[in-house]
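# Coordinate inspection notes
Residue-level listing of the chains:
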Amino acid sequence: APESVSLLRGALLHFLDEPLDDSQGTLASGERDPAIEYYADALLVMHAGKVVALGDCSALVAHSDMHELVRLSPPHSVTGLMMPGFIDTHVHFPQLDIIASYGHCLIDWLNTYTFPAEQRFADPAHAAEVAEIFLDELLRHGSTSAQVFATSHASSADALFRAARTRDMRVHAGRVMMDRNAPPALLDSGVTALKDDERLIADWHGRDRLGYVLTPRFAPTSTPEQLEAAGQLLKSQPDLHLQTHLAENLDEVKWVAELFPEARDYLAVYEDVGLSHERTTFAHGIHLDDGMRQRIADRGASIAFCPTSNLFLGSGLFDRASARHQGINISIATDVGGGSSLCQLESLKAAYQVGQLHGAVAHDVAGLASRANQPLTPWQGFYQLTLGNARAMRLEDKVGNLRPGMEADVIVLDPTATHLLARRTRWGQPQQVPLGEVLFALMMLGDDRAIREVHVAGRCRKRHGMLLSDHPA
Ligand code: GUN
Ligand code: ZN
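A short tour of the structure in this document, coming up. (Residues numbered from 1 in each chain as written. Chains lettered and ligands numbered in written order. Predicted model: local features only at pLDDT ≥ 70, side-chain atom pairs only at ≥ 80, totals over all residues. Heavy atoms only, no water.)

For the rest of this paragraph, the subject is the side chain of Asp-197. Tracing the sequence through the fold places Asp-197 in helix α6 (residues 194–204). On the basis of relative accessible area, Asp-197 is assigned to the buried category, the value being 0%. Those residues in contact with Asp-197, other than ones at most four positions away along the chain, are Arg-175, Met-177, Tyr-212, Leu-214 and Leu-233. (Helix = DSSP H or I, 4+ residues; strand = E, 2+ residues; numbered from the N terminus. Buried < 20%, exposed > 50% of the residue type's maximum accessible area, 1.4 Å probe, protein only. Contact = heavy atoms within 4.5 Å.)

What follows is about the packing of helix α5 (residues 154–167) against α6. At a closest axis distance of 10 Å, the pairing of α5 and α6 adopts a crossing angle of 15 degrees. Here α5 lies roughly parallel to α6, going by the angle between them. Read as a crossing pair, α5 and α6 show a hand that is right-handed. Touching Ala-154, Ala-157, Asp-158, Phe-161, Arg-162 and Arg-165 of α5 are Asp-196, Arg-199, Leu-200 and Trp-204, all from α6. For the contact of α5 with α6, the residue count by class is five nonpolar, no polar and five charged. (Axes fitted to C-alpha atoms, helices over the stretch in contact; angles between N-to-C directions. Parallel < 35°, antiparallel > 145°, perpendicular 65-115°, else oblique. Left-handed = near helix turned anticlockwise from the far one by under 90°. Nonpolar A, V, L, I, M, F, W, Y, C, P; charged D, E, K, R; others polar.)

Our focus in this paragraph is the site of ligand 1. Close to ligand 1 lie His-92, Gln-95, Leu-106, Trp-109, Leu-110, Arg-217, Phe-218, His-245, Glu-248, His-284 and Asp-335, which account for all nearby residues. Within the side chain of Gln-95, an N or O atom sits 2.8 Å from an oxygen atom of ligand 1. Asp-335 places a polar side-chain atom, nitrogen or oxygen, 2.8 Å from a nitrogen atom of ligand 1. Sorting elements by how many residues they give to the shell around ligand 1 places helix α3 (residues 106–119) first, with three residues. When grouped by side-chain class, the residues that make up the shell around ligand 1 number four nonpolar, four polar and three charged. (Near = heavy atom within 4 Å. Polar contact = N/O pair within 3.5 Å; in protein donor to acceptor, adjacent residues only side chain to side chain.)

Each pair of aromatic rings is reported with the distance of its centres and the angle of its planes. All told, the structure shown has eleven aromatic pairs when counted by the stated rule. Arranged with centres 6.2 Å apart and planes meeting at 40 degrees, the rings of Phe-161 and Tyr-212 form a pair that is tilted. Taken as a pair, Phe-161 in helix α5 and Tyr-212 in strand β9 (residues 210–216) lie far apart in primary sequence, 51 residues in all. Each member of the pair Phe-161 and Tyr-212 is classed as buried. Residues Tyr-266 and Tyr-270 carry aromatic rings whose centres are separated by 5.7 Å and whose planes lie at 35 degrees to one another, so their mutual orientation is tilted. A residue pair is termed a helical-turn pair when its members lie 3 or 4 positions apart in one helix, as Tyr-266 and Tyr-270 do in helix α9 (residues 266–271) at four residues. On the basis of relative accessibility, which here comes to 4%, the residue Tyr-266 falls in the buried class. One aromatic cluster in this structure is built from Phe-93, Phe-121 and Phe-134. (Phe/Tyr/Trp six-rings, centres within 6.5 Å; stacked < 30°, edge-to-face > 60°.)

If you want it as structure tokens, here you go:
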């Protein structure tokens, strides 16, 4: 068999569409949601970084050519649950080393920890070292794709792209634009700094699995002139992504109103210069009203809900139900180092908890049942980390599920990773609980130990719970 073919056999779950809200009982009751595709015994065939076949193992092997392939190249059998690799749509690689720094609130945390940490990235050797460790940590946690903030130093973005290319990971990233309201060592040269972005685009955008993302940090740290120039660049190259922060914290919202007195609201600061488009990711979007949410939906922009960050920094409770109701593309992300974990299972747990609290708070305040009390179901959660996040980033033709033709990023979740998980799920035993419950237990009890294997573009990067780079051959 050709060297680059690899076959995996075992249970597999992926999503063909967004699951129904009431899919809770699906697969327990035997009733099927067509959005959910589950194989108890799948065969997944990968070649040259892509999925070439996926199906029920015995049905596929009945094909004579598949039979021959399986004979020549026996599949690797997995005992856990295969899924598409997770996608983290909002994360800051230079903040890896300040994760879990006593938070208080956004602006204090930025000044006390974040800006000093980011200044160290003026040193390209430091950037290169952290980039390697960061991507290994993402893989250890099952995230095979990410949309990443670097620092304002162009060399920090180079370092990340270089490390991502070595691993053949799908990484979309950008240099942070910021030309005011931060320590001088972090400020760039405003409009002329965009020459750096143009050079980075030329070097990295569309190369292998890499993409460039225009990255104005947030409205307070860019002059109107710099935001305007970013809008011009986006207009000249509309296939670029754009990432920034929006309405995370009430003090920040007030500050933006002072800095941009002529703008209708925070969102309008971005809209007025053409920065809200269908490849825009607004991180947080907590303090928005229905009108602003509708404008985001109308532009096809997305909101990255970062629940561990929102809880850690006390930013507020994201109104996921309203955002969904108004048709916004939502993703779920870690926002490390504001977020307290790179583990997207932890993000699902926190998202569930935020949903619970949002409902309770809305109920207390309004005295009536609001549409907000819809804590995340496990189906929505795992859909979100895979196809949902891919759709929010307009990457659903590349990653997000394991249909033939898709990029072959596969993880194997282990529902027996801890004694308690094994006891709760009874995975692999006759009394195994229904799949929805297995998934919910993973999202409430799981951590990086539950990510048993990781395959990136068809190549194994983590096996038996160990990163392969931890164990040079
Ligand atoms: N707003 C502006 N910069 C940042 C950042 O680095 N992290 C978070 N969470 N919010 C921000
Ligand atoms: Zn962020």
